[in-house]
Amino acid sequence: VGPPTFAFFFAGWAADSLHDSQITVGNGGIEPARAQLTFYYHGGRDKYQVEQTLAPEEQMWLDLGKLIRDQVADKDGKTIPPEVTSGVYEIQDLSHVVLGPLYEAKLIVDKTNGHAFYGCYFCCGQDGVAMGVVPVNVTVNGVQGQTAWSTTNCGGGLVNITGAMTSWWTIDTAIATASNANVYGVAVGSTDNLAEGQISVSGRRQCSTQLGKGSGPSNVLQFVVKGNPYIFVGTDSNIVSANSFFASDGNGGSPKPAGGTVSASSSDSKDTFQITQGNTPVVKVTTPDQSADDLDRTLTFMYTVSGTGSVSQGMKVTARQFAYLTNNSPSNQCTLGYGTSQTYTYTVYTHPDKTAVDANSGLSGTPVSETFDQTPQCLTHTGDGSLNSNGGFSDVLIYCGNVPLTCDEKRTQTLKVAGVSVRTNTLQTGSSGVTYTNDGPTQ
Amino acid sequence: MRTLKGIASLILLSLAPALNAQQHATAPTVTGPPDYKLAEFEVKDSSFVEAVSQLSRQAIEGLHLGLEEVLREKMSDPPLQGPHFSLSLHKSTVREIVDSLCSYDSRYTWSLDGKTINIYPKTATADDAYLLNRRLEQITVTAIPDPGQGLTFLDRQLPPPREQLGYAGAGGDFSYIAPWTQTFHDLTVRQFINRLSEHMGSHTSWVFYGSKQERLFTFLKGGFH
């Protein structure tokens, strides 16, 4: 029976006509542990893996000779070829990072001479602690995750030992603090962040622990980007201006430390950016693509200070496409006695959110056009208009006179916002004035 | 001398209609939209009205245009056919452009009234019975929300005979910033319409169109199509 609580083992096994290896792994702890046994053969190029969760006091037994003879498949459906007779094996406690409650025993039987001997194991210890995020760049009041890593003395690969670190701190808490694998920004500046915990020490037939500590630099920057949680599809200059995002220190000042540059990217590769650097950087987004779902696009804004580092801020936005209109039912203002004079107020809605454009949208001045299938003879129509400060627009329909009206015609009117068709109306001009029928779209 | 003075007066009196018809030629030089120089003004195979429409839509601060079309007989008649022409002017003033347009369609002439450039049929120039030439000693509009409502006051205050009046249009809002009350003295209907239109804003247009049986005004902020 091997010593308790090894995290890693390396030992040899043999299973041929003269030998057989029987291996057991037990849980000596007080909580369940996930044991993984990996048998390496063909010089380590191939492996056979078995995993099992062991309750406290539970053991798992493996007879390698039987596994090979019966061609029992491992967790990945793989079997050990019959001609394989030896190799090494490794045990990992998947439930515990550094030291766990698993213990191991192995019996290699010499079938010819009847001798039995215990196997030889080796504890794969860890070689120091290194921080994973170097440097940590975090915003004031922001948080950045940190990790701790080590190389194993057996395979040399990096092992995440973040969970083994029991203490996290920084040198200057006025700049940043740390706890539970997180570094928190407090004020603009730089300081070191550290982590400490028990790591295992390698050794034959013995595995022990020692205190390991790692450290790395951390920088705190002050960078906040504000803007609407949406952008509009289109290339009109008014739309692009509406798609503005403003970088600051969060208090109306410039991002800090000063002298950095702002960059931006999008989860949609077709989105493009116009960036004005300076004291109050502005990022304007142009997108040709409508969102499929609300807030399905991520814009990432980055502030980079040469020699210090960079921080980024992601924003979920919806790319809104002008889609349809609603309108009021205005009263008749014709006071000459015959006909109608009505001013319709239109509200613009977008897809996919089916939300109205409003005063916060910043689309004032965006062009609105009105076209007809045939030039109206009864109604002179205006040139191009634009969205007002509330994001809507008005359209008058008038045919009003002081004697009975005689003009009679039907025309199809198409209303577009920034070139996107958002409504078709049938206008009927006649003795009673002008009336419209909404031909959609209505949603 | 007295004889010479009398002859001179007779000559001036006999020239009066001609001077009226060519009012633009004698209008005082003003610095404003009529003298605004456009870098480029080009029309291709356009009618006179289409060309004026294009001019009306130029982004010229302070441009006020009033166009009175040659009216067809009945509303159901097809649009009157006038000459079509192509024109390309460089660095010309609005005044020069309107002159040029009128030279392509001899049915029209123009004059300046305050801030407004009025373009109208030559045949209407000396026709006192023509609606836009009729005189108003006084007219008051009260709390009108838009220039169209001013026609209701014209209908009530225009001396007999009563005229057919109407207005029509499709497009942008043409309302005033606030209801307007104003009294005007000794002016023509055309000047009254000019004042109603100018009050809409810094760039306005009005169009008088339709048929002889049914004449319609349209008032617009900006230009027209």
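I will try to describe carefully the structure that is included in this document. The shown structure was predicted, so the numbers you read here are calculated from the model rather than taken from an experiment.

1. What about the sheet that holds strand β31 (residues 367–372) of chain A?
Residue and element names in this part refer to chain A.
- Across the sheet, which stays open at both edges, the five strands sit in the order β32-β31-β34-β35-β36 with antiparallel pairing between neighbours. At either margin of the open sheet sits one strand with a lone partner, and together these are β32 (385–386) and β36 (433–438).
- Two strands pair when backbone bridges link them, and strand β35 (residues 420–430) and β36 are joined in this way by six bridges, in the antiparallel orientation. Paired with Asn425 across the bridge in β36 is Asn438.

2. Observations regarding the state of the cysteines
All names here are of chain A.
- With the rule as written, the count across this model stands at two disulfides over all chains.
- Each sulfur of the disulfide joining Cys334 and Cys400 lies 2.0 Å from the other. Between Cys334 and Cys400, the S-S dihedral sits near 80°, and the bridge is therefore right-handed. On the criterion of sequence distance, the pair formed by Cys334 in the loop between β28 (309–327) and β29 (338–351) and Cys400 in strand β33 (residues 392–401) is long-range, its members being 66 residues apart. Here Cys334 and Cys400 have matching classes, each one buried.

3. Quick look at unusual backbone geometry
- For the peptide bond that leads from His351 of chain A to Pro352 of chain A, omega is 5°, which places it in the cis range.
- As for its placement among the helices and strands, Pro352 of chain A is situated in the loop between β29 and β30 (355–356).
- Here the bond from Pro160 of chain B into Pro161 of chain B is cis, since omega is 5°, no more than 30 degrees from zero.
- Here Ala418 of chain A, not a glycine, exhibits a phi torsion of approximately 50°, which is positive.
- Its location among the elements puts Ala418 of chain A in the loop between β34 (409–417) and β35.
- Residue Ala418 of chain A is classed as partly exposed on the basis of its relative accessible area of 27%.

4. As for the interface of chain B and chain A
- The interface of chain B with chain A comprises 30 residues on the first partner and 29 residues on the second.
- Together chain B and chain A conceal approximately 2400 Å² of surface at their shared face, both sides included; 51% is due to carbon and sulfur atoms.
- Contact with chain A buries surface across chain B, with Tyr167, Ala170 and His225 of chain B losing the most and accounting together for 24% of the total.
- Put simply, chain B and chain A have zero salt bridges between them.
- Where the side of chain B that touches chain A is concerned, the elements lending two or more residues are α5 (147–157), β7 (166–171), β9 (204–210) and β10 (215–221) of chain B.
- Top element by residues in the side of chain B that touches chain A is β7 of chain B. It accounts for six residues.
- A breakdown of the residues in the side of chain B that touches chain A according to their chemical character gives 13 nonpolar, 10 polar and seven charged.
- Across six bridges, the pairing between β33 of chain A and β7 of chain B is antiparallel. Looking across to β7 of chain B, one finds that Tyr399 of chain A is bridged to Ala168 of chain B.

Rules and cut-offs
Sequence order as written defines the numbering, with residues in each chain counted from 1. Each chain takes a letter, starting from A, and each ligand takes a number, starting from 1, following the order in which they are written. Two thresholds apply to this predicted model, a pLDDT of at least 70 for residue-level local features and 80 or more for giving and counting side-chain atom pairs, whereas whole-chain, interface and lining totals are computed over all residues. Hydrogens and water molecules were not included; the side-chain quantities draw on all heavy atoms of the structure. Think of it this way: DSSP has to see at least two bridges between two strands before they count as a pair. Secondary structure elements are defined from DSSP: runs of H or I of at least 4 residues count as helices, runs of E of at least 2 residues count as strands, and each element is numbered from the N terminus. Cysteine sulfur atoms that come within 2.5 Å of each other are treated as a disulfide pair. Any residue under 20% of the maximum accessible area for its type is buried, any over 50% is exposed, and the rest in between are partly exposed; the area is computed with a 1.4 Å probe on protein chains only. Whether two residues touch is decided by their heavy atoms; if any such pair falls within 4.5 Å, the residues are in contact. Simply put, the buried area is the total loss of 1.4 Å probe accessible area from both parts when two parts are fitted together. The salt bridge definition used is simple: a Lys or Arg side-chain nitrogen within 4 Å of an Asp or Glu carboxyl oxygen. Think of it as three bins: nonpolar holds Ala, Val, Leu, Ile, Met, Phe, Trp, Tyr, Cys and Pro, charged holds Asp, Glu, Lys and Arg, and polar takes everything else, Gly as well.

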